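The primary structure of each chain is shown beneath.
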Amino acid sequence: MGAIKGGHRVLAVLLLALVVLTAFAAGPAAAGEWKPTKPIQFIVPYAPGGGSDVLARSIGQVIQGAKLNPTPLIVVNQGGGSGTVGTTSVAQSPGNEHMLLTFISGQVAGPLVAGKGAATYKDLTLIGNLAIDEQLIVVKWDSPYKTIEEVVAAAKQKAGTITIGGTATGQEDQMCNRIFERAAGLTLRYIPFNSGGEVITALLGGHLELAWANPSEFFPQWEAKMVRPLAVAKETRLPKFPDAPTFKEKGLDVTFKMFRGIAAPPGISPAVAGYYENLMKRLAETPAWKEKYLEQYMLSPSWMGSKEFATFVAQNEVQFKTLLIELGLLK
């Protein structure tokens, strides 16, 4: 009987050890997975109406509609400094578990131009990438320029005088413009604005001849026949703009992959970062995200988890430095 009781005690100890090990293996979920307990401030470091603003509001709407998060995402626009003001404010909120940031290509280039004091991607917690956006040259519907070839011919005759608008200095639009200038052998007069929405407003007001824009920034105006795209910096045409050729079709080597991702403040725990990474991954898998954001605004799906995204961002930084040096914005 003593041997049997001793065997039972050994078995009980083994079972208890197994339970403890299983709890540890299950991680945060077993001990009560972290979840937001109050509304999340979703910082957009650009003015309303631009691509980052559309991104943040689309994320908030889809997450709320699919009930993926227990609390709402409150979009807060903190424009200024070509995206560096809002980005730096998030970097200066270490450990804030209820804050997210839209993070795009320009926020990698911006700090390079701004120099000391501007937060870089290394000062943030990168969560993941959701999509690749497209860059197009757009004109007013009644513009005298009907094709990109006409723009090239006019720009060569009037070097440095034809105006083209874009969001911020030293960011995606200006870098893409530099790639275009280099490929076509011309010079345009680039004028920066605080957001894509302001760029389109200036174009419609006759203050610009051309504009760089993402589809989300001019799609409503295109539907209203107020603007039209001349060319897209992509390998293939966009289905909703079948009449807009790629630059490559016209013999111009102009392509640009603008990423749209998410970051958070530094110093948050792995459990919190993991929660947000999983939240964004689940978002990216919903039909509503694919239909109401990717398809509607013509972005390419491009989910990257935190580690892959960090590597991708570092690679982009190398490419951007070269372009910024060509633009005279970086030594």
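Residues numbered from 1 in each chain as written. Predicted model: local features only at pLDDT ≥ 70, side-chain atom pairs only at ≥ 80, totals over all residues. Heavy atoms only, no water.

## So, the side chain of Thr88
Position of Thr88 relative to the elements: it lies in helix α3 (residues 84–91). The class of Thr88 is buried, set by a relative accessible area of 11%. With residues up to four places along the chain from it excluded, the contact list for Thr88 reads Gly117, Ala118 and Ala119. (Helix = DSSP H or I, 4+ residues; strand = E, 2+ residues; numbered from the N terminus. Buried < 20%, exposed > 50% of the residue type's maximum accessible area, 1.4 Å probe, protein only. Contact = heavy atoms within 4.5 Å.)

## Structural notes on the nonpolar core
Ranked by internal contacts, the top residues of the largest apolar core, which has 86 residues, are Ile59, Phe103, Phe180, Phe247, Met280 and Trp289. Considering every element that reaches this core, the biggest residue donor is helix α9 (residues 270–284), with 8 residues. Setting aside anything within four residues of it in sequence, one finds Phe103 in contact with Val108, Tyr121, Leu124, Leu126, Phe259, Arg260, Gly261, Ile262, Ala263, Phe309 and Val313. By size, the runner-up hydrophobic cluster in this structure holds 17 residues, among which are Leu136, Ala211, Phe218 and Phe241. (Core = buried A, V, L, I, M, F, W, Y, C linked by side-chain atoms within 4.5 Å.)

## Side note on the pattern of salt bridges
Two side chains of opposite charge can pair, provided their charged atoms sit close to one another. Summed over all chains, the structure comprises 11 salt bridges. A salt bridge links Glu235 to Lys257, with the nearest nitrogen and oxygen atoms 3.8 Å apart. With a gap of 22 residues between them, Glu235 in the loop between β9 (227–232) and β10 (258–264) and Lys257 in the loop between β9 and β10 connect regions that are remote in the sequence. One salt-bridge network, in which partners are shared between bridges, spans Arg178, Glu181, Arg182 and Glu326. (Salt bridge = Lys/Arg side-chain N within 4 Å of Asp/Glu carboxyl O.)

## Details of unusual backbone geometry
For Lys225, which is not glycine, the phi dihedral falls at a positive 55°. Within the secondary structure, Lys225 is located in the loop between α8 (215–223) and β9. Judged by its relative accessible area of 57%, Lys225 falls in the exposed class. Its identity is not glycine, yet Met298 carries a phi of approximately 60°, on the positive side. Structurally, the position occupied by Met298 is in the loop between α10 (287–295) and β11 (300–304).

## Describing the packing of helix α6 (residues 172–184) against helix α11 (residues 306–326)
The interhelical angle for the contact between α6 and α11, taken along N-to-C directions, is 65°, at an axis separation of 10 Å. On the basis of their axis angle, the class for α6 and α11 is roughly perpendicular. For the pair α6 and α11, the crossing hand works out as left-handed. Between α6 and α11, the contacting residues are Met175, Arg178, Ile179 and Arg182 on the first element and Phe320, Leu323, Leu324 and Glu326 on the second. (Axes fitted to C-alpha atoms, helices over the stretch in contact; angles between N-to-C directions. Parallel < 35°, antiparallel > 145°, perpendicular 65-115°, else oblique. Left-handed = near helix turned anticlockwise from the far one by under 90°.)

## So, the packing of aromatic side chains
If you walk through the whole model with that rule in mind, you get 17 aromatic pairs. Plain terms: the ring middles of Phe103 and Phe309 are 6.4 Å apart, the flat faces sit at 80° to each other, and that makes the pair edge-to-face. With Phe103 in strand β3 (residues 99–104) and Phe309 in helix α11, this residue pair connects regions lying 206 residues apart in the sequence. Both residues of the pair, Phe103 and Phe309, count as buried. Three or more aromatic residues joined by ring pairs form one cluster here, namely Phe103, Phe259, Phe309 and Phe312. (Phe/Tyr/Trp six-rings, centres within 6.5 Å; stacked < 30°, edge-to-face > 60°.)

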